[in-house]
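# Tertiary structure, described
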Amino acid sequence: YSDSDSDYIIPEISQNTVTTPAPQAPQVTPAPVLVTPKTHWNSVFLLSVVWMAGMFILASISLFQYGKLKQKVRQAWRTEGGFWESEMIETAFVLGYLPPKIYLPANLGEREKQFIISHEKVHISRFDHWTKLVGYIVLMIHWFNPLVWVGYGLLCRDMEYACDAHVVRGMNIQQRKEYSIALL
């Protein structure tokens, strides 16, 4: 060694030194993916098809029932008051939207007819036929939710109670009894 290299110590390599290879990183196997994107989209697609099928079924049932009802009132005749009477129906109702029409059973007495017409006129003035349509559309969209079914049933019931309350507001007890009997 030279004097200039005295600051550096270089170890001597002996013949007996065994070199070992550097340790390698352990092999990592990726964990299996339980839901692949393809499986996820298949599930979403399947659920969408089931949801749309439910809406289609409810819409079909509704249109079928509407068609049957229209068939029943096809033979209805217009009365002097602008209402429609039919021998084919058993209960009064509002049908149509622009303009809505009141249909009455043909076998009603005059007093009963006046009570029922008052009740149906309140439905029309409160736009209950439109409210019921919107409620049914919500029901068709959310058909899988049992709370929406309950809500729709309560909506229909409350509309009837509200109309009854409005009609009997100015009646005495005897008139209220007659009204109740007429609606039953």
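Computed from a predicted model, the values in this text were never measured in an experiment.

On to helix H4 (residues 146–168), then. Relative to the 33 Å expected for 23 residues at 1.5 Å per residue, H4 spans 33 Å between its end C-alpha atoms, a close match to the ideal helical length. For H4, the complete set of buried residues consists of Val148, Tyr152, Cys156, Met159, Cys163, Val167 and Val168.

Our focus in this paragraph is the pattern of salt bridges. Under the defined criterion, the tally for this structure stands at four salt bridges. Residue lysine 113 is joined to glutamate 85 by a salt bridge in which the shortest nitrogen-to-oxygen separation is 2.5 Å. Of this pair, lysine 113 sits in helix H2 (residues 110–125) while glutamate 85 is found in strand S2 (residues 84–86), placing the two residues 28 residues apart along the sequence. Like lysine 113, the residue glutamate 85 is buried in the burial classification. Here glutamate 178 makes a salt bridge to arginine 111, at a shortest N to O gap of 3.1 Å. Of this pair, glutamate 178 sits in helix H5 (residues 173–183) while arginine 111 sits in helix H2, placing them 67 residues apart in sequence. Taking the relative accessible area as the measure of exposure, arginine 111 reaches 44% and is therefore partly exposed.

Another point: the packing of aromatic side chains. In this structure the tally under the stated criterion is six aromatic pairs. Between phenylalanine 93 and tyrosine 103, the ring centres sit 5.5 Å apart and the planes meet at 25 degrees, which makes this aromatic pair stacked. You can see phenylalanine 93 sitting in strand S3 (residues 93–95) and its partner tyrosine 103 sitting in strand S4 (residues 101–105), a full 10 residues away along the chain. Note on accessibility: phenylalanine 93 and tyrosine 103 belong to one class, buried.

What follows concerns the sheet that holds S4. With mixed pairing, four strands are arranged side by side in an open sheet as S1-S2-S4-S3. Looking at strand neighbours, the two that pair on one side only are strand S1 (77–78) and S3, the edges of this open sheet. Relative to S4, S3 is paired through three bridges, and the arrangement is antiparallel. Directly across from leucine 95, in S4, lies its bridge partner lysine 101. Contacts between H2 and the sheet are confined to S2, S3 and S4, with S4 contributing the most and set at about 155 degrees to the helix.

To continue, consider the confidence of the model for the protein. Per-residue confidence for the protein averages 84 on the pLDDT scale, and 80% of its residues sit at or above 70. In the model of the protein, H5 stands out as the element of lowest mean pLDDT, 83, in contrast to helix H3 (residues 128–141), which has the highest, 95.

Relative to each other, H2 and H5 sit at 85 degrees, their axes nearing to 9 Å. Taken as axis vectors, H2 and H5 run roughly perpendicular relative to one another. Here H2 contributes Arg111, Glu112, Phe115, Ile116 and His119 to the contact with H5, which in turn contributes Gln175, Glu178, Tyr179, Ala182 and Leu183. Of the residues that constitute the contact of H2 with H5, the class distribution is five nonpolar, two polar and three charged.

How each quantity is defined
Residues numbered from 1 in each chain as written. Predicted model: local features only at pLDDT ≥ 70, side-chain atom pairs only at ≥ 80, totals over all residues. Heavy atoms only, no water. Helix = DSSP H or I, 4+ residues; strand = E, 2+ residues; numbered from the N terminus. Expected span 1.5 Å × (residues − 1). Buried < 20%, exposed > 50% of the residue type's maximum accessible area, 1.4 Å probe, protein only. Salt bridge = Lys/Arg side-chain N within 4 Å of Asp/Glu carboxyl O. Phe/Tyr/Trp six-rings, centres within 6.5 Å; stacked < 30°, edge-to-face > 60°. Pairing = 2+ DSSP bridges. Contact = heavy atoms within 4.5 Å. Axes fitted to C-alpha atoms, helices over the stretch in contact; angles between N-to-C directions. pLDDT = per-residue confidence, 0-100. Parallel < 35°, antiparallel > 145°, perpendicular 65-115°, else oblique. Nonpolar A, V, L, I, M, F, W, Y, C, P; charged D, E, K, R; others polar.

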